[in-house]
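# Residue-level structure breakdown
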Amino acid sequence: MTDTDRRNQAEGKGSSVIRTMRLFYVTCTRAKQSLALIAYTDDVNAVKKTVLSNNWFFEDEIITTLNEIEVRLCF
């Protein structure tokens, strides 16, 4: 979060973080058939743990390697 975002938040104005969260919500709730989210990270296990602990996805919906993607595309 930038200093401008912090200042805007303190003043009750919108911030880029809030706008991004709203856009993310709209994007996720408009998916009709499928939704793919990509997280670029150095700590895959931390992202997976967060996703599972927040009940955002089931474990079998999480793909962590390109090999898993190739296997799933074959079916």
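Residues numbered from 1 in each chain as written. Predicted model: local features only at pLDDT ≥ 70, side-chain atom pairs only at ≥ 80, totals over all residues. Heavy atoms only, no water.

## Quick look at the confidence of the model for the protein
For clarity, the cut-off: One confidence number per residue, pLDDT, is output by the predictor and ranges from 0 to 100. For the purposes of this entry, the term helix denotes a DSSP run of H or I that reaches at least four residues, the term strand denotes a run of E that reaches at least two, and both are numbered from the N terminus.
For the protein, mean pLDDT is 81; residues scoring 70 or higher make up 87% of the total. Across the protein, helix 3 (residues 44-53) holds the top mean pLDDT of 90, while helix 4 (residues 66-73) sits lowest at 60.

## A few points about the pattern of salt bridges
We count it as follows: Each salt bridge in this description consists of a side-chain nitrogen of Lys or Arg and a carboxyl oxygen of Asp or Glu lying within 4 Å of one another. Between buried and exposed lies partly exposed: a residue is buried under 20% and exposed over 50% of the maximum accessible area for its type, with that area taken using a 1.4 Å probe on protein chains only.
Enumeration over the complete set of coordinates arrives at 3 salt bridges. For D3, the salt bridge goes to R6, with nearest N and O atoms at 3.4 Å. In this pair, D3 and R6 both sit in helix 1 (residues 3-10), 3 residues apart, roughly one turn of the helix. When its relative accessible area of 57% is taken as the criterion, D3 is described as exposed. Here R6 falls in the partly exposed class, since its relative accessible area comes to 45%. Between K13 and E11 there is a salt bridge; the shortest N-O distance is 3.2 Å.

## Things to note about the environment of M1
Here is the rule we go by: For this analysis, residues touch if any pair of their heavy atoms sits within 4.5 Å.
In this fold, M1 is placed in the segment before helix 1. On the accessibility criterion, M1 (46% relative accessible area) is partly exposed. Excluding residues that lie within four positions of it along the chain, M1 makes contacts with R6, Q9 and V17.

## Quick notes on a nonpolar patch on the surface
So the rule is basically this: Think of a patch as exposed residues, more than 30% relative accessible area, with no salt bridge, where like charges cluster within 9 Å and nonpolar side chains (Val, Leu, Ile, Met, Phe, Trp, Tyr) cluster within 5 Å. Areas reported as accessible are Shrake-Rupley estimates using a 1.4 Å probe. Residue values count occlusion only from the protein chains shown.
On the surface, M1, V17 and M21 cluster together into a nonpolar patch covering about 270 Å² of accessible area. Classification of M21 as exposed rests on a relative accessible area of 52%.

## Brief notes about the side chain of N8
One can find N8 in helix 1. Since its relative accessible area comes to 18%, N8 is described here as buried. If we skip the residues at most four places from it in the chain, N8 touches K13 and G14.

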